[in-house]
Amino acid sequence: MSAAPRPTSTPQHPSSSAASQLPPAFPARAPWGAAGSLRAWQAEAIEQYRRESPRDFLAVATPGAGKTTFALRIATELLEARVVRRVTVVAPTEHLKKQWADAAARVGIRLDPRFTNAQGRHGAGYDGVAVTYAQVASKPALHAARTGAERTLVILDEVHHGGDALSWGDAVREAFEGATRRLALTGTPFRSDTAPIPFVTYAPDGHGIRRSVADYTYGYGDALRDHVVRPVLFMSYSGSMRWRTRAGDEIAARLGEPLTKDMTAQAWRTALDPNGEWIPSVITAADRRLTEVRRTVPDAGAMIIATDQTDARAYAGHIARITGESPTIVLSDDDGASDRIEEFSASDARWLVAVRMVSEGVDVPRLAVGVYATSAATPLFFAQVVGRFVRARRRGETASVFLPSVPQLLELASTMEVERDHALDRPTKDDADPEAALLAAAERETSTPDAVGKDGVAGAFEALEAQASFDRVLFDGGEFGTGAEVGSEEELDFLGLPGLLDADQVATLLRQRQADQQGARRARGQAAVAPAEMDHRKQAELRKELAQLVGAWARRSGQPHATVHAELRRRCGGPEVALAAPDELQARVAMLRGWFVGKR
């Protein structure tokens, strides 16, 4: 997104000069959208708006930066100056309508979030309404008449939703073409398609591709440097997957290793299967991380994003068994869902389980740990999910997001600070990179042509086994960790990072943990038997036997595989299975056999 030129000095204005002296992350715990004082970027953007007095203004600010406070300050000034007489807020969801109305009420603007198209006009005593994009699309002429009846400011929240369908874009244009002022907001100004976003300016770049142009941009990198948002640690987990295709073939692969596009999708799907061990192992790790964070942030919460309601309920069952506390479950965008979100936000409960509807705009500032357990992989959706965890309430809070070691997700995680624009055009074939084209063709090749989606097609996909292992930590474009079993000391080194750290401290500690682990591995390697002298066949047989016994004991005891492995290591000593010598593996096999005959 192209940013407006940044002034070289902080704007001075009777109502903003005091605000300009505040630290960027102030205020620490203001209600959503109702900060009484401005952050530096908000004051700067408002001063620009005052100077230009534009009919259309697009503000791009990273999730958690305070777009709502910025917009409501502008609305207040326009109402007081009688530039406008009404305010209409257009939001993606019903829940966000209520949040906007509550935030506006705190600054003296009365919005009716219960307005329906059947009413035709808002209730007496209101300054305007809060509606959804779907509501506008169903009756654009009604909203056009309302907008034209009085001088109106239209706030288009998460304006990229205006391009969700051609009919939606046309409806938004028809409804608000006559507005006196339009203020468009987004934290994710890009779309995965080429649908134009209403009232957004596009200009050709150096390659002739038309890209969106923002009037003011405040990106994640800026907000991180200003301590407005939390630094995000991405905890990546791989593991061994096994599944049966609809043709009846059994396939085994390791998540995160180079695979065809179809095999990656199927391994990913197998990992997310509630009946496998990957999900409970990762939930256990995330809950450990949450416990560590709560040592310094007592009300910190965690959220897992599921693909659908069936998975969400199953994940909730795992959380209840692992933590001993039933999580809050949000399954749909209805009144009950809004109430549950608000109750969770105001409580100190540990876990929230949600389907995709909670990925955008829902404000629960205490969320600090997330599990990305969905198959969606667009840059837009990924940024929206991560945005639920980055809102900083005080300096030093960190966010941790757990995700599968899938190339698409790892790439998105490693480019968190990259600014993106919405492109209306796609490069022509002549302009395309030939190497990129060859890579895309290779990805389309597959040894499993019967890849199926979540709902399946003819035949049946069956996830057979999903084991998790810690892969790495991604932070600020770097990678840390050398891979380890779940429950291992190496994994706990990263899960146990303090909950209050600024970005520089996070990077320093990650480098230190990385160096310590590499040093320990070198020491173990020097003490180990030379590879040429090792009976690799015996080692492979023992690993296989150990895996079978661990699986059998996990089924009998109800414990996750990771817990069984961790207990064996605690009792027998030695490194994780991948590095264990034959005698170490033999000791664990013998102990497990003893468990089956009651010798525990």
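The rules behind each value
- Residues numbered from 1 in each chain as written.
- Predicted model: local features only at pLDDT ≥ 70, side-chain atom pairs only at ≥ 80, totals over all residues.
- Heavy atoms only, no water.
- Helix = DSSP H or I, 4+ residues; strand = E, 2+ residues; numbered from the N terminus.
- Buried < 20%, exposed > 50% of the residue type's maximum accessible area, 1.4 Å probe, protein only.
- Areas by Shrake-Rupley, 256 points an atom, 1.4 Å probe, with all protein chains shown as cover.
- Salt bridge = Lys/Arg side-chain N within 4 Å of Asp/Glu carboxyl O.
- Core = buried A, V, L, I, M, F, W, Y, C linked by side-chain atoms within 4.5 Å.
- Contact = heavy atoms within 4.5 Å.
- Phe/Tyr/Trp six-rings, centres within 6.5 Å; stacked < 30°, edge-to-face > 60°.
- Lys NZ or Arg CZ within 6 Å of the ring centre and 35° of its normal.

Chemist: Would you mind going over the overall build of the protein with me for this structure?
Modeler: Assigned secondary structure in the protein consists of 19 helices and 20 strands. Scored against the burial criterion, the 600 residues of the protein give a buried share of 53%. Of the accessible surface of the protein, which amounts to about 25,700 Å², a share of 50% is contributed by carbon and sulfur atoms.

Chemist: Looking at this model, I keep getting lost on the pattern of salt bridges. Mind explaining?
Modeler: Side chains that differ in charge, positive against negative, can pair when their charged atoms come close. Inspection of the entire model under this criterion finds 21 salt bridges. Across the pair Lys98 and Glu342 runs a salt bridge whose closest N-O atoms are separated by 4.0 Å. Placement of Lys98 in helix α3 (residues 94-106) and of Glu342 in helix α11 (residues 335-346) is noted, with a sequence separation of 244 residues between them. The exposure class assigned to Lys98 is partly exposed, which follows from its relative accessible area of 23%. Glu250 is the partner of Arg242 in a salt bridge, and the nearest nitrogen-oxygen pair spans 3.0 Å.

Chemist: Is there a simple way to think about the nonpolar core in this case?
Modeler: A general feature of soluble globular proteins is that nonpolar side chains tend to end up buried together. By size, the foremost hydrophobic cluster in this structure holds 127 residues, and its most contacted members are Phe70, Ile155, Phe234, Tyr237, Trp278 and Phe402. Tallying contributions element by element places helix α9 (residues 278-293) first for this core, with 8 residues. The contact partners of Phe234, leaving out residues within four places of it in the chain, are Phe382, Val386, Val401, Leu403, Ala413, Met416, Arg472, Val473 and Leu474. Grouped together as the second largest cluster of nonpolar side chains are 21 residues, Val60, Val159, Ala175 and Ile197 included.

Chemist: Sorry if this is basic, but what is going on with the packing of aromatic side chains here?
Modeler: Each pair of aromatic rings is reported with the distance of its centres and the angle of its planes. The final tally for this structure, using the stated rule, is 12 aromatic pairs. Geometrically, the ring pair formed by Phe57 and Phe70 is tilted, given 6.3 Å between the ring centres and 45 degrees between the ring planes. Of this pair, Phe57 sits in strand β1 (residues 56-61) while Phe70 is found in helix α2 (residues 67-80), placing the two residues 13 residues apart along the sequence. Cluster of aromatic residues (ring-pair linked, three or more members): Trp41, Tyr49, Phe57, Phe70, Tyr216 and Tyr218. The ring of Phe344 has Arg366 sitting right over it, with the charged end atom 4.2 Å from the ring centre.

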